[in-house]
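Coordinate inspection notes
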Amino acid sequence: MLLANMLLAIAWAALRGEFSLANLLTGQILGYFVLLGLSMGGVLERSPYIGRVHVALGLIAFFIWELVRANLRLAADVATPEFHMQPGIIALPLDITKDSQILLLSMLINLTPGSVALDVSPDRRFMYVHVMYIDTPDAARDEIKHGFERRVQELLG
């Protein structure tokens, strides 16, 4: 399906008469919706590619939401005279085991303001994370596990 989507993107750019990045991206998006419609209509068999794109877009949207939320929280804390930070280090038990999953999770944690992935235990059962705003350790763990880790596992599982 990915190859078909890429061919549809190239065909779109050829029809437009210009092989620019904007035309190729537009063709990729339009091609995806064509393939989605054909697979939903029963013309093509359902492909894991279609589902993974949805999961990837969901992860991207969730990351953007968390990024905005964390930046607003930090900005509000800096703008007010009192600090509301309650920093701490938590041991996050990992359900993911692959290197790619752990790497993506740590990247997402590090890119979100207010949290830093510090280390992974040698047996890969725990990731140690510094969290700037920690109400309770369990709440911080649950937020990461049900947010980023679940979505990473769906995408790369």
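Description of the structure in this document.

Thresholds applied
Residues numbered from 1 in each chain as written. Predicted model: local features only at pLDDT ≥ 70, side-chain atom pairs only at ≥ 80, totals over all residues. Heavy atoms only, no water. Helix = DSSP H or I, 4+ residues; strand = E, 2+ residues; numbered from the N terminus. Buried < 20%, exposed > 50% of the residue type's maximum accessible area, 1.4 Å probe, protein only. Polar contact = N/O pair within 3.5 Å; in protein donor to acceptor, adjacent residues only side chain to side chain. Contact = heavy atoms within 4.5 Å. Expected span 1.5 Å × (residues − 1). Core = buried A, V, L, I, M, F, W, Y, C linked by side-chain atoms within 4.5 Å. 1 Å grid on protein atoms, 1.4 Å probe; cavity = no way out; pocket = protein on both sides within 12 Å on 5 of 7 lines; lining within 4 Å. Points joined across faces, edges and corners; volume = space filled by probe spheres on them. Nonpolar A, V, L, I, M, F, W, Y, C, P; charged D, E, K, R; others polar. Axes fitted to C-alpha atoms, helices over the stretch in contact; angles between N-to-C directions. Parallel < 35°, antiparallel > 145°, perpendicular 65-115°, else oblique. Left-handed = near helix turned anticlockwise from the far one by under 90°.

1. Side note on unusual backbone geometry
- Phi angles above zero are rare outside glycine, and Arg-124 is one such case at about 60°.
- You can see Arg-124 is positioned in the loop between strand S2 (115-120) and strand S3 (126-131).
- Judged by its relative accessible area of 35%, Arg-124 is partly exposed.

2. Section: the side chain of Asn-23
- With respect to the helices and strands, Asn-23 occurs in helix H2 (residues 21-40).
- Among the polar contacts made by the side chain of Asn-23, one reaches the main-chain carbonyl oxygen of Glu-18 at a distance of 2.9 Å.
- Residues contacting Asn-23, with those up to four places away along its chain left out, are Trp-12, Ala-13, Arg-16 and Glu-18.

3. Quick notes on helix H3 (residues 48-79)
- Between its first and last C-alpha atoms H3 spans 46 Å; for 32 residues at 1.5 Å apiece the expected length is 46 Å, and the two agree.
- Residues of H3 that are buried include every one of Tyr-49, Ile-50, Val-53, Leu-59, Phe-62, Phe-63, Glu-66, Ala-70, Leu-74 and Asp-77, and no others.
- If you check the start of H3, you find a side-chain oxygen 3.1 Å away from the backbone N of Tyr-49, and it comes from Ser-47.

4. Remarks on the nonpolar core
- One finds Leu-105 and Met-127 to be the most contacted residues of the largest nonpolar core, which totals 21 residues.
- Contributing elements (two or more residues each) for this core: H3, strand S1 (88-93), helix H4 (99-111), S3 and helix H5 (137-156).
- Per-element tally for this core: the top contributor is H5, with 5 residues.
- Not counting residues within four places of it along the chain, the set of residues in contact with Leu-105 comprises Leu-92, Leu-94, Ile-96, Met-127, Ile-144, Phe-148, Glu-149 and Val-152.

5. Side note on the layout of surface pockets
- Counted as a void, the largest pocket has a volume near 390 Å³.
- Contributing elements (two or more residues each) for the lining of the largest pocket: H3 and H5.
- Its residues placed into classes, the lining of the largest pocket shows 12 nonpolar, 4 polar and 5 charged.

6. A look at the packing of helix H1 (residues 2-16) against H2
- The contact between H1 and H2 brings their axes to 7 Å, and the two run at 130°. If you check the angle between H1 and H2, you find them oblique. Of the two elements, H1 crosses H2, and the hand of that crossing is right-handed. The segment H1 lies against H2, with Leu-2, Ala-4, Asn-5, Met-6, Leu-8, Ala-9, Ile-10, Trp-12, Ala-13 and Arg-16 engaging Asn-23, Leu-24, Thr-26, Gly-27, Gln-28, Leu-30, Gly-31, Tyr-32, Val-34 and Leu-35.

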